[in-house]
Amino acid sequence: MGFKCGIVGLPNVGKSTLFNALTRTAAAQAANYPFCTIEPNTGDVGVPDERMAKIAAIAGSKEILPTRLTFVDIAGLVRGASKGEGLGNQFLANIRETDAIAHVLRCFEDGDITHVEDKIDPVADAETVDTELMLADLESLEKRIDPLRKKAAAKDKESQEILPVMEAALAILQEGKPTRMLELAPEEDQMLRGLNLLSSKPVLYVCNVNEDNAADGNDFSRAVEKMAAESGCGTVVISAAIEEEIAQMPVEEQGEYLEMNGLEESGLDRLISAGYKLLDLITYFTAGPKETRAWTVTRGTKAPQAAGVIHTDFERGFIRAQTIAYEDYVALGGETAAKEAGKARDEGKEYLVKDGDILLFKFNT
């Protein structure tokens, strides 16, 4: 599995154009007026990873199956969305279903494309959307906290455990800060995620610049980077127009086009890399004659849970995992040579999977 990333932002910032380009489809209607996207469009893309081709060549795999990333193009939010403005409730519900938010910000000037606020100010745009998400969370928590306090007073153990987390979330929202800025212990952070708050989701600000600024950004994108650094969010600079061009080109021509624009890799690759870093995800591989396949887990995942990503039976009946580091697999030329060199290890239930591991699970059903 990969992760599900909601593309959000104000109307006319380039969300649907970027979605179309990234998913190599024309599923989302890109138009120069607000709310052209009403129902969320969803598109899956394979996560590019140059390691897979090398593994597949050594393993003699017939197929290469990358892990998947799901993009959800969510209609433009506007001021008042938390109160239902602009079909806000529907849009906010769609955001709740995602793992992370890719917040597209307009960092270009173009008199032919209207702006809902009649000015180009990406930092202010970000604050508008963040405020709506925080207001929605504030309303949600205020409804839930009194009944929870009563249960906690009645010695309900679960309520007593989660109440301090909810109160901390409520307090930081009342200060005008998103709940993702809370500093919590790991078990408390798990409880926070269970509250499914909009403002607790990791945010990646996507600075949509014009073609000329795609390589180095501009003053708008640099202002966003400064804001993101202060709030613990990620940033990536992308030209949706360039990505749209690349999406229509044969693969063999894409590299030259990127080079012409001063870019080493596509916006899709950079967005995925930034998203993986934001969510602290890693990739492990399984390889054999039939296929080489990539699997995504959170850093710190133990071997049985990593096995469960493939099938729940693998986790339930987990015995051990034969583990070969990617560098050893490639340098030595595969599984057999790695075993002979003592580089294929049998790891147990407490093993923390590492990025690039090539795993073979042993299990009982």
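Rules and cut-offs
- Each chain carries its own residue numbering, running from 1 in the written order of its sequence.
- In keeping with the model being predicted, local features are shown solely for residues with a pLDDT of at least 70 and side-chain atom pairs are shown and tallied solely at 80 or more, while totals for entire chains, interfaces and linings include all residues.
- Heavy atoms throughout the structure, all of them, feed into the side-chain values; hydrogens and water do not.
- pLDDT expresses how confident the predictor is about each individual residue, on a scale running from 0 to 100.
- By the criteria applied, helices consist of DSSP H or I runs no shorter than four residues and strands consist of E runs no shorter than two, each listed in order from the N terminus.
- Contact definition: two residues touch when any of their heavy atoms are within 4.5 Å.
- For two strands to pair, DSSP has to find at least two bridges joining them.
- The convention used is that axes are lines fitted to C-alpha atoms, helices contributing only their stretch in contact, and that angles between N-to-C directions extend from 0 to 180 degrees.
- The span you would expect from a helix comes to 1.5 Å times its residue count less one.
- Across the chain, bend at a residue is computed as the angle between axes fitted to the seven residues ending at that point and the seven starting from it.
- Throughout, exposure labels follow a simple rule: accessible area from a 1.4 Å probe, protein chains only, divided by the maximum for the residue type, with under 20% read as buried, over 50% as exposed, and the rest as partly exposed.

Time to look at the confidence of the model for the protein chain. The predicted model of the protein chain averages 86 in pLDDT, with 88% of residues at 70 or higher. Mean pLDDT in the protein chain bottoms out at helix α3 (residues 88-96), which sits at 70, and peaks at helix α13 (residues 326-332), which reaches 97. Taken as a whole, residues 25-38 scores under 50 in pLDDT and shows 38 contacts with residues more than four places along the chain or in a different chain. Between residues 84-88, whose pLDDT stays under 50, and residues either more than four places distant or in other chains, the model counts nine contacts.

Reading across the sheet, the six strands line up as β2-β4-β1-β5-β6-β7 and stay open at both edges, with mixed pairing between neighbours. Across the chains shown, the open sheet's two edge strands, defined by having one partner strand only, are β2 (41-46) and β7 (234-238). The average undirected angle you get between the axes of adjacent strands in this sheet is 25 degrees.

Attention shifts here to helix α5 (residues 157-174). For α5, which comprises 18 residues, the first-to-last C-alpha distance of 26 Å matches the rise-based estimate of 26 Å (1.5 Å per residue) to within 8%. In α5, a bend of some 35 degrees at Leu-163 exceeds every other bend along the element, and Pro-164, a proline, comes one to four places later. The inward-facing, buried residues of α5 contact α4 (122-153) and α6 (186-194). Two residues or fewer past α5, Gly-176 is found with a positive phi of approximately 85 degrees.

We now examine the pairing of strand β4 (residues 68-73). Counting buried positions over the six residues of β4 gives five, a clear majority of the element. Taken together, the four bridges between strand β1 (residues 4-8) and β4 define a ladder with parallel strand orientation. When the sheet's bridge partners are listed, Gly-6 is paired in β4 with Val-72. Sheet topology places β2 next to β4; six bridges connect them, and they run antiparallel. The partner of Gly-46 across the bridge, within β4, is Arg-68.

Even without being a glycine, Lys-155 presents a positive backbone phi close to 70 degrees. For Lys-155, a relative accessible area of 64% translates into the label exposed. Located in the positive-phi region is Asp-280, a residue other than glycine, with phi close to 60 degrees. With respect to the helices and strands, the residue Asp-280 is situated in the loop between α10 (267-279) and β8 (281-287).

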